[in-house]
Amino acid sequence: MSNLMDKAVEAIGKGGYGTALTGAGISAESGIPTYRDPGNLYDQYDQGKQGGMLGVLMTNPEKAPEILSTFFNKLQEAKPNTGHIGLVELEKMGLLKSVITQNVDGLHRLAGNSKVLELHGSIYRMLCTVCGIKKQMEQNDLFAIADEIPNKLGTITSITEIMTGILPPCSCGGPQRFDFVSFGESVQELNEAVLDVTSCSWMLIVGTSGVVHPAATLPTYAKNNDAFLIEINPKESDLTSQCDIFLKGSAGQVVPELVNALKKAGVGNK
Ligand code: APR
């Protein structure tokens, strides 16, 4: 590992800026289970494999209140871990320009990164289905709403019901939904993400299986523009073969190790 870590430090030390692409794995050590690891959501409710969280809910309607309540309970207890905080350090050191995430859990923002591109949206935002206005929610507001899920949701019969049955109506009177992206919908902030990855010198890929596009295409764009790709994951992913370096291990352990190695080598602002 130390030889690989040295190579990562050398690549980052060459200058330019970096971007990070993150997935569910970076939040695993905050207590939020990933989707596809053994024993998690897709394993338990395998009919949902093609449809993401909403697919799982639709194929298991009687379980929807329980699945959603469990998710919100874990979210309520979750705090940014040393992996998230390591990415904030990289930004403060003047090395990392943006975090591009597939996660909807808001933990990168909470940790303090200033440019977080949430490709799959955020559970902390509401979107009015009539006037289109988006509203950011405070954590307490979201969790007060989430506490009511078992009362508000009986047996689910449609995706619309899941999306709009939980949130209060907008001030215009229209139903509001969570502003996260479900399968088949366009991802958010993609143009900005493409701009960053096509001009970065290096990319950190942390905790993603790399199977969901277009997020999983971003490393290819970076690579085609000569970026150096560094992956951090306990297991090889669909992106590993494209990466220049694979740092095997958990985000909470390896991201801080990388930060320390960079500091030791004098790379970045103090
Ligand atoms: N640190 C780093 N990586 C980890 C850790 C950890 N502690 N624990 C697990 N991982 C890795 C796994 O090895 C796996 O590669 O995180 C990855 C999790 O993969 P997925 O569950 O597929 O999550 P993700 O890649 O984010 O999924 C993409 O799929 O269902 C959709 O919209 C949903 O955004 C999600 C998208």
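Scroll up for the structure.
Before going into details, it helps to say that this report is about the structure given with it.

Basis of the calculations
- Residues numbered from 1 in each chain as written.
- Predicted model: local features only at pLDDT ≥ 70, side-chain atom pairs only at ≥ 80, totals over all residues.
- Heavy atoms only, no water.
- Helix = DSSP H or I, 4+ residues; strand = E, 2+ residues; numbered from the N terminus.
- Rg over C-alpha atoms; globule rule 2.2 N^0.38 Å.
- Buried < 20%, exposed > 50% of the residue type's maximum accessible area, 1.4 Å probe, protein only.
- Contact = heavy atoms within 4.5 Å.
- Areas by Shrake-Rupley, 256 points an atom, 1.4 Å probe, with all protein chains shown as cover.
- Lys, Arg positive; Asp, Glu negative; His and termini not counted.
- Charge placed at Lys NZ, Arg CZ, Asp CG, Glu CD.
- Phe/Tyr/Trp six-rings, centres within 6.5 Å; stacked < 30°, edge-to-face > 60°.
- Axes fitted to C-alpha atoms, helices over the stretch in contact; angles between N-to-C directions.
- Parallel < 35°, antiparallel > 145°, perpendicular 65-115°, else oblique.
- Left-handed = near helix turned anticlockwise from the far one by under 90°.
- Nonpolar A, V, L, I, M, F, W, Y, C, P; charged D, E, K, R; others polar.
- Near = heavy atom within 4 Å.
- Polar contact = N/O pair within 3.5 Å; in protein donor to acceptor, adjacent residues only side chain to side chain.
- Domains from an automatic or database assignment.
- Salt bridge = Lys/Arg side-chain N within 4 Å of Asp/Glu carboxyl O.
- Disulfide = S-S within 2.5 Å.

Observations regarding the overall build of the chain
Assigned secondary structure in the chain consists of twelve helices and nine strands. For the chain, whose C-alpha radius of gyration is 19 Å, the value lies close to the compact-globule estimate of 18 Å for 270 residues. The C-alpha extent of the chain, read off along each of the three principal axes, is 55 × 40 × 30 Å. Out of the 270 residues belonging to the chain, those deemed buried represent 51%. A separation of at least 24 residues holds for 65% of the contacts in the chain among residues at least 6 apart in sequence. Summed over all atoms, the accessible surface of the chain reaches about 12200 Å², with 50% contributed by carbon and sulfur. Computed over 22 positive and 29 negative side-chain charges, the separation of the two mean positions in the chain equals 4 Å.

Focus: the packing of aromatic side chains
Applying the stated criterion to the full structure yields four aromatic pairs. Measuring from centroid to centroid gives 5.7 Å for Phe 71 and Phe 72, while their planes differ by 65 degrees, and the two rings are edge-to-face. Phe 72 matches Phe 71 in its accessibility class, with the two residues each being buried. An aromatic cluster of three or more residues is present, and its members are Phe 71, Phe 72, Phe 178 and Phe 180.

Some points on the packing of helix H5 (residues 82-92) against helix H12 (residues 251-264)
Across the interface, H5 lies against H12 with an axial gap of 7 Å and an inter-helix angle of 25 degrees. In terms of orientation, H5 lies roughly parallel with respect to H12. When you trace H5 past H12, the crossing you get is left-handed. For the pair H5 and H12, the contacting residues are Thr 82, Gly 83, Gly 86, Leu 87, Glu 89 and Leu 90 in the first and Ala 251, Gly 252, Val 255, Pro 256, Val 259, Leu 262 and Lys 263 in the second. Residue composition of the contact of H5 with H12, by class: seven nonpolar, four polar and two charged.

So, the site of the ligand
The full set close to the ligand counts 22 residues, and Ala 24, Arg 36, Thr 208, Ser 209 and Asn 233 are the nearest of them. Within the side chain of Glu 29, a nitrogen or oxygen atom sits 2.9 Å from a nitrogen atom of the ligand. For the ligand, an oxygen atom lies 2.9 Å from a polar atom in the side chain of His 120. Here the ligand has 740 Å² of accessible area as a free molecule, and 93% of this is covered by the chains. For the shell around the ligand, the domains that each give at least three residues are domain 1 (1-31 + 80-120 + 187-270) and domain 2 (33-77 + 122-180).

Looking at the pattern of salt bridges
A complete count under the given rule lists eleven salt bridges for this structure. The salt bridge partner of Asp 196 is Lys 97, with a shortest N-O separation of 3.4 Å. Of the two residues, Asp 196 sits in helix H10 (residues 190-198) while Lys 97 sits in strand E2 (residues 96-101), which places them 99 residues apart along the sequence. Residue class for Asp 196 comes out buried when judged on its relative accessible area of 2%. Looking at Lys 97, the relative accessible area reads 37%, which means it is partly exposed. Here Asp 244 ties to Lys 223 by a salt bridge, and the two come within 2.9 Å at their closest N and O atoms. In this pair, Asp 244 sits in the loop between strand E8 (228-233) and strand E9 (245-248) while Lys 223 sits in helix H11 (residues 218-224), placing the two residues 21 residues apart along the sequence.

A closer look at the state of the cysteines
A full pass over the atoms with the stated rule returns zero disulfides. No disulfide involves Cys 170; its sulfur sits 3.7 Å from the nearest other cysteine sulfur, which is in Cys 128. On the basis of relative accessible area, Cys 170 is assigned to the buried category, the value being 6%. The thiol of Cys 172 is not disulfide-bonded; the next cysteine sulfur, from Cys 128, is found 3.6 Å away.

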